[in-house]
Structures are given as structure tokens and as C-alpha cells.
Amino acid sequence: MIIQKPGIAGTLESSDAQVTVEPGDGKIEFELESAVINQYGLQIRKITYDTLKRLGIDNVKIKIVDKGALDCTLKARIEGAVYRSCNQYNDLPWGGAIQ
Amino acid sequence: MINAVGRDIPEEILKITGKEIFQGNHYKDGYTYKMDGPMTHVVMDGRESKLVPSIADVLVKCGIRDGMTISFHHHFREGDYVVQMVMDEIHKMGIKDLTICASSLGKAQNGIVPYIEDGTITNIQSSGVRGKIGEAISAGKLKGLAIMRSHGGRVRAIESGETRIDIAFIGTPTCDDYGNCRGIGGKSDCGVLSYAIVDADHADKVVAITDMLKPYPNFPAHISETKVDYVVVVDKVGDPSKIATGAAKPTTDMRKLMMADYCTQFLIHTPYFKEGFSYQTGVGGASIASTVSLAKVMQERNIHMGFGVGGMSKPMCDLLVNGQVGCLLDTQDFDLDAVEDVKELKHFRISAGEYCDPYNKGAIVNKLDFVILGALEVDTHFNVNVVVGSNGVITGAQGGHPDTAACAKCSIIIAPLLQGRIPAVCTDVTTVTTPGESVDVVVTDYGIAINPARQDLIDCMKDVDLPFKTIEELRDIAYRISGKPERVQFSDRVVGIIEARDGTVMDVVRQTKPFEFS
């Protein structure tokens, strides 16, 4: 998939995360602000890269402002932001690229 | 050196502080010593006035100078103006290298951070530090060491002479011109002055600061004129709306109500739940709900509490009003109902020393059956952390936690298994503040773990229908939901020590390191 325009998903509520994606400069640029970065920074980065790989994205600026979201929430927000940035609202690949 | 809770205390820290490592709760049992007393400037001439026109003047009269130790209490809680107004004047005079010995420091004192940065304050001794001061200490901005000690430990340090207070500043809601202080009857009432009593007894100079001067004698005095050198009247000692807030509304959070119910069910199945039992609890939502649900069972079974002790809030005062408790022994008031209730005949004010000092001839906590306490983290050794956040930053206070947990026959920790993403039950706490040997039971929303050291309690619960689990099982549930947390990265420099109630070293707190992806 190709990121076409900025896309955003999620909120700044406790236990949620706000994910913003933008077209990249030929690679994945990852930026993280998190209330739990000391304990879960590496895990959040891993989830982000895994999710992007599954979605077939290798060219993106992704920024996550995390308020202690669980992995499942982070995945869902990343997927939401990416599909919005691609203008795809129908025929979503449930059970495929979206796990 | 490795101490009794498995923490490695650097030799250098032991050398600088002259302290020993923690060797178990009963290491100092039976210790004998001579209490330290204050330098006393006698007043025999009745024409001499104690009233001084301003803070600046009283600082001069007390002979403030570099390197002194000054003290404060925290009864005005988040509404306190006293620390800031005294420190502003001291700063203007250019005094350096002060040690602050406070019963606690919090958000109300955020304004003193610049004085830490510029060397006006170089050492801090407190029950803990919330807010910006905690962040500043964790970032390494304090030149000396922060010593975090429990309420009982603070009394011990002062009585033993380990901490000598040069000047005590005691904010008081009312005072007369000769120094009789009371926590009620003014415009900024905090109810009691319990934590300031040891300061008044042992500091060389004692300054009462009030915003309500009463006609002599302001009796019955909570702190006596015989202890007070000077009285200063200021516009405001605090913001009443932040000193004592309205009573916390009973929680409607089903998770907390469930934990409260688990806690009550556990408590009533122990042998200590009988006519005349004693009880202490904090003011968290679940703790308050526990008191409410316990009161119901007490009524059904016609069982009365002998005494309730510690910080007071509405649910405890309701027990007194409803005749369900013999008396309340009050060290601190969390809401306006508690402040108001201080006027009741069976609501007694006690000093921090009477409450929980390990170094006197026996404190009230020694007589405690149950205590219900919160926690930031509990680990699989039942060690509890209430001072350092899981991110490594100093963010809380010991308060009476280690004192009550060490002494109560049944110490119950109540905490939701996850606080956001952070597991409250983990393999090793970031910092040990209360040792596992003090902790008997951990109640969470996912189950209850009894310390294996308490086989007697495990036996009592054999036929009780509660979701019992091992502490390792609770940790595993938390890690399954959240993922296993990484260890927080610290730099080598020690910025603070967690002192055990007997003055030995429980743990150290190191400077935090900004997170970087490797």
C-alpha cells in the first residue's frame, strides 16, 4: 500500500493512542511519545513495524502519541490511520492484512 | 552490600550517610538511646512579645544562615502557602545549602524547584515528593541526597538527633500572641497539627505562622506556647479549598467496588475481626468503599471497632457518628467532614510520634489489627513500592505505609492489577519502600494473593469463596495483558535513599536516563 495523504486515528484518552501517518521519504520514519516509553517503548516500536509490514508499507512517516494503549489498541489505530490515508473505507481485508 | 530485601546498597552511600543496610523489621527491637532535646531560649520576662511583624524579620531573629536545617509540615496539603513564602524570603537573603526536613512535599511546593537548582536547597528529607520537586530530584538537580522516610521514621530521625532542626516553621490555622496553636477555628482549617508536634518538641527555634490571631489563651492548644519562640501573622497560610476538599464521592467504579468487596470478605474471615478490633485505611476509592462495605457487615453482626487510626475521612467519621467505633485517633484530615469531626468528644488528635514512631516506648500502630493500603507496585516477594513511579521518577510518598504495614496483624494491599498499561504486580518493584515481610495480602481485581509466610491466614481462608491466586499467577495475568515491561534504565548516580523506619537503608533511587531506542 502507498500512503497518499496524512491520515490520523485514535485519541489522547488514557489507554488509547493517537497515530498519524504521512507520505515518507522512501523509508519508515518512526516517532514515539509515550507515557510508558521506558517500559514498553521497544514493544511499541516492534508492534508498529510488524503492523506496517503486514499492511505492505515501507515508505511512511508515522507518529504515535501513546497514553498507555495495549498492543491490540495500537494495532487497530495504526491500521485505521493507514487506511484513512489511502482513502479506503470499504472492502477492508478483515482477517487478512487487518488481523 | 545486599540488604534483607535483596537490594544492593552502594558502600559509598553507607559511608556518606553513616547508615546500615536494612536487616529486617525487628533488627532494632529493644534498642536503648537518649532522646535529643532542643536548645531552649527561656522567656521569664512577661513583657517580652513573641509577635514578629514579618517572615523576613523572624528569619533574622532566628539567626538563619547557610547550611541550616529548617522544617515544615504538610497539613495544608495541596493548599499550602507556608513553604513557598518562607523559602521566597530565605532566597531573597541569599542563604545557601539548606536542608529541608518536611513531613511531605507535593505540588503546592512546585515553586521551590528554582531554589533547588540554584543551591539554596541542597538536601531534602521528606516522606516523599510529588510533582515538580520529584521530577527535579530524579533528574539529578539536587546537590545532596534526598532522604525519603516514613512518618514514623521522620519522628525517629528527629528524636534520635540524626536530624537536628535549627528552625521549625509551623503553619497554623489559629494562634494567640504567645504561640498556642490550633488546627481549627480559623479560615484555613486543617483539623490537626500532628506532624508538626515533633518539630515543636525538638527544633531549636520554633516559629508559628498563622492567618488568624486569637485572643490569649487559644485553648485547648494543639501545640503549646511553651514550645514556640515567635509568632508571625500573614495574610493567608493556605488555600482552604485545597487544604481539605469535600468528601470523596463514594466510587461507582465496579472494579473498585469488587475489590472493596473482596477486601471486606477477606477481612471478616480472619480471626482478628471480632468485637473491639482496630483498623486503618487510606483514602483511595477502593479503600473508602472497603470501609463502607465493612460498616455494613459490622452492623449485621453487631461487631464494633475499638478504634480507628491514621488519616481521617468521612467514612471513618461516619463510623463514629453511628456508634460503630469507640474512638478515632487522628493524624491527618483529608476532607472537610474530618476537619469538622475533630470537635467530637471521641475524635482524638494524636502526634505523629504517638501514631507510628518506632523509637519511643510503643506507638499506636503496634496495637493495630488491620491496615488497608494502596501501592504503585507489588512484586512477587510482596515488596511494595509507593514512592517511585514505574518510569523511575519519584512521584509519591511513604507516609505511614511502612509503619502501619510493619505493625498491623493483617496488612492488606489493595490495587487494580493494571494501572493503564502498567502492571501493579511485577517480578521486582522499581524501588522497595515497604518490605515483603510486612505485607500479608494483596487484593486485586483479578484475584487475591496471600503471602506464603502467613500460613495461618491461608488456613483461615480454606473454605472461603474468593478468587485466591499465587502472587506469581497475578503477575502472569498482568504480563499476558500488558506485555512484560522492560527494566527502566537509570544512570549510576544515587539521588535519594529510601530509609526504613528504623533508619537503615531499604533502597536507593538513581538519576533517570532519558529513553533512547538502541
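Residues numbered from 1 in each chain as written. Chains lettered and ligands numbered in written order. Predicted model: local features only at pLDDT ≥ 70, side-chain atom pairs only at ≥ 80, totals over all residues. Heavy atoms only, no water.

## Observations regarding the pairing of strand β6 (residues 167-172) of chain B
Residue and element names in this part refer to chain B.
For step 1, the next point in the chain: Most of β6 is tucked away: 6 of the 6 residues are buried.
For step 2, the next point in the chain: Side-chain alternation along β6 places I167, F169 and G171 on one buried face and A168, I170 and T172 on a second face that is also buried.
For step 3, the next point in the chain: Pairing between strand β2 (residues 69-72) and β6: 2 bridges, direction parallel. Within β6, the position partnered with I70 by the bridge is I167. (Buried < 20%, exposed > 50% of the residue type's maximum accessible area, 1.4 Å probe, protein only. Helix = DSSP H or I, 4+ residues; strand = E, 2+ residues; numbered from the N terminus. Pairing = 2+ DSSP bridges.)

## Quick notes on the domain arrangement of chain B
Residues and elements named next belong to chain B.
For step 1, the next point in the chain: When its domains are assigned, chain B resolves into domain 1 (48-243) and domain 2 (254-489).
For step 2, the next point in the chain: A C-alpha centroid distance of 29 Å is found between domain 1 and domain 2.
For step 3, the next point in the chain: At the boundary of domain 1 with domain 2, total buried surface from both sides reaches about 2,500 Å², with 60% on carbon and sulfur atoms.
For step 4, the next point in the chain: At the junction of domain 1 with domain 2, the criterion picks out 0 salt bridges.
For step 5, the next point in the chain: Taken together, domain 1 and domain 2 are joined by 16 residue pairs in polar contact (both at pLDDT 80 or more).
For step 6, the next point in the chain: Elements with a contribution of two residues or more to the side of domain 1 that touches domain 2: α5 (131-138) and α6 (151-159).
For step 7, the next point in the chain: Broken down by element, the side of domain 1 that touches domain 2 gets its largest block of residues, 6 residues, from α6.
For step 8, the next point in the chain: Its residues assigned to classes, the side of domain 1 that touches domain 2 shows 10 nonpolar, 15 polar and 7 charged. (Domains from an automatic or database assignment. Buried area = accessible area lost by both parts, 1.4 Å probe. Salt bridge = Lys/Arg side-chain N within 4 Å of Asp/Glu carboxyl O. Polar contact = N/O pair within 3.5 Å; in protein donor to acceptor, adjacent residues only side chain to side chain. Nonpolar A, V, L, I, M, F, W, Y, C, P; charged D, E, K, R; others polar.)

## Focus on the packing of helix α10 (residues 285-301) of chain B against helix α11 (residues 314-321) of chain B
Residue and element names in this part refer to chain B.
For step 1, the next point in the chain: Here α10 crosses α11 at 20°, and the two axes come no closer than 9 Å. The angle between the axes of α10 and α11 places the two elements in the roughly parallel class. Once α10 is placed against α11, the crossing between them reads as left-handed. Seen from α10, the contacting residues are I288, T291, V292 and A295; seen from α11, they are P315, M316 and L319.
For step 2, the next point in the chain: Residues belonging to the contact of α10 with α11 are distributed by class as follows: 6 nonpolar, 1 polar and no charged. (Axes fitted to C-alpha atoms, helices over the stretch in contact; angles between N-to-C directions. Parallel < 35°, antiparallel > 145°, perpendicular 65-115°, else oblique. Left-handed = near helix turned anticlockwise from the far one by under 90°. Contact = heavy atoms within 4.5 Å.)

## A few points about the interface of chain A and chain B
Interface extent is often summarised as the accessible area lost during association of the parts.
For step 1, the next point in the chain: The interface of chain A with chain B comprises 18 residues on the first partner and 18 residues on the second.
For step 2, the next point in the chain: Here chain A meets chain B over a buried area of about 1,500 Å², counting both sides, of which 60% is carbon and sulfur.
For step 3, the next point in the chain: Together, N38(A), Q39(A) and Y40(A) form the three largest contributors to the area buried by chain A at its contact with chain B, with a combined 47%.
For step 4, the next point in the chain: At the boundary of chain A and chain B, one finds 1 salt bridge.
For step 5, the next point in the chain: For R421(B), the salt bridge is made with D71(A), and the minimal N-O distance between the two is 2.7 Å.
For step 6, the next point in the chain: Our count for the contact surface shared by chain A and chain B stands at 5 residue pairs in polar contact (both at pLDDT 80 or more).
For step 7, the next point in the chain: For the side of chain A that touches chain B, the secondary structure elements donating two or more residues are β3 (28-34), α1 (37-54) and α2 (71-85) of chain A.
For step 8, the next point in the chain: It is α1(A) that provides the largest number of residues to the side of chain A that touches chain B, a total of 9 residues.
For step 9, the next point in the chain: A breakdown of the residues in the side of chain A that touches chain B according to their chemical character gives 10 nonpolar, 6 polar and 2 charged.

## Let's talk about unusual backbone geometry
Residues and elements named next belong to chain B.
For step 1, the next point in the chain: Geometrically, the link from Y216 to P217 is a cis peptide bond, its omega value of -5° lying close to zero.
For step 2, the next point in the chain: Looking at the element boundaries, P217 is found in the loop between β9 (205-210) and β10 (230-233).
For step 3, the next point in the chain: One non-glycine residue, D97, lies in positive phi territory at about 60°.
For step 4, the next point in the chain: Inspection of the secondary structure assignment puts D97 in the loop between α3 (82-92) and β3 (98-102).
For step 5, the next point in the chain: Among the residues examined, D97 registers a relative accessible area of 34% and is labelled partly exposed.

## What about the sheet that holds strand β1 (residues 7-9) of chain A?
Note on sheets: strands pair through backbone hydrogen bonds, and any given pair is parallel or antiparallel.
All names here are of chain A.
For step 1, the next point in the chain: Strand order in the open sheet formed by 4 strands is β1-β2-β4-β3, with mixed pairing between adjacent strands. Only two strands of the sheet have a single partner each, and these edge strands are β1 and β3. In this sheet, adjacent strand axes meet at a mean angle of 10° when their direction is disregarded.
For step 2, the next point in the chain: Sheet topology note: the strand β2 (residues 17-23)/strand β4 (residues 60-66) ladder contains 7 bridges and is antiparallel. Directly across from P23, in β4, lies its bridge partner V60.

## Details of the sheet that holds strand β23 (residues 447-450) of chain B
Residue and element names in this part refer to chain B.
For step 1, the next point in the chain: In spatial order, the strands read β14-β13-β12-β11-β15-β18-β22-β23; together these 8 strands make up an open sheet with mixed pairing. The open sheet is flanked by β14 (347-349) and β23, the only strands paired with a single partner. Put simply, the sheet's adjacent strands are angled 20° from each other on average, direction ignored.
For step 2, the next point in the chain: In the packing of α10 onto the sheet, contacts are made with β11 (277-281), β12 (305-312), β15 (370-373) and β18 (410-414), and the angle to β11 comes to roughly 155°.
For step 3, the next point in the chain: Against the sheet, α11 makes contact with β11, β12, β13 (325-333) and β14, and its axis sits at roughly 150° relative to β13, the strand it touches most.

## Considerations on a nonpolar patch on the surface
Residue and element names in this part refer to chain B.
For step 1, the next point in the chain: There is a patch of nonpolar side chains on the surface, built from L51, L213 and V233 and spanning about 210 Å² of accessible area.
For step 2, the next point in the chain: Residue position: L51 is located in strand β1 (residues 51-52).
For step 3, the next point in the chain: A relative accessible area of 35% places L51 in the partly exposed class. (Patch = residues over 30% accessible without salt bridge, like charges linked within 9 Å, V, L, I, M, F, W, Y side chains within 5 Å. Areas by Shrake-Rupley, 256 points an atom, 1.4 Å probe, with all protein chains shown as cover.)

## With respect to the environment of P435(B)
Residue and element names in this part refer to chain B.
For step 1, the next point in the chain: Of note, P435 is situated in the loop between β21 (425-426) and β22 (441-444).
For step 2, the next point in the chain: In the structure, P435 is positioned 203 residues away from V232 in sequence and 42 Å away in space, judged by C-alpha atoms.
For step 3, the next point in the chain: Look past the residues within four positions of P435 in its chain and what remains in contact with it is V5, F22, N25, F382, N383 and M506.

## Here's the deal with the packing of aromatic side chains
For step 1, the next point in the chain: Scanning all chains against the criterion turns up 12 aromatic pairs over all chains.
For step 2, the next point in the chain: With a centroid separation of 5.9 Å and an interplanar angle of 80°, the aromatic rings of F277(B) and F370(B) are classed as edge-to-face. You can see F277(B) sitting in strand β11 and its partner F370(B) sitting in strand β15, a full 93 residues away along the chain. Side by side, F277(B) and F370(B) carry an identical accessibility label, which is buried.
For step 3, the next point in the chain: Here the aromatic rings of F515(B) and F517(B) are separated by 5.1 Å at their centres, their planes lie at 85°, and the arrangement is edge-to-face.
For step 4, the next point in the chain: By relative accessible area, F515(B) is classed as partly exposed at 25%.
For step 5, the next point in the chain: When its relative accessible area of 29% is taken as the criterion, F517(B) is described as partly exposed.
For step 6, the next point in the chain: Put simply, the rings of F30(A), Y49(A), F515(B) and F517(B) touch in pairs and so form one group of aromatic residues.
For step 7, the next point in the chain: Taking NZ or CZ as reference, R156(B) lies 5.6 Å from the ring centre of Y359(B), over its face.
For step 8, the next point in the chain: Taking the ring centre of Y40(A) as reference, the NZ or CZ of R421(B) above it sits at 4.2 Å. (Phe/Tyr/Trp six-rings, centres within 6.5 Å; stacked < 30°, edge-to-face > 60°. Lys NZ or Arg CZ within 6 Å of the ring centre and 35° of its normal.)

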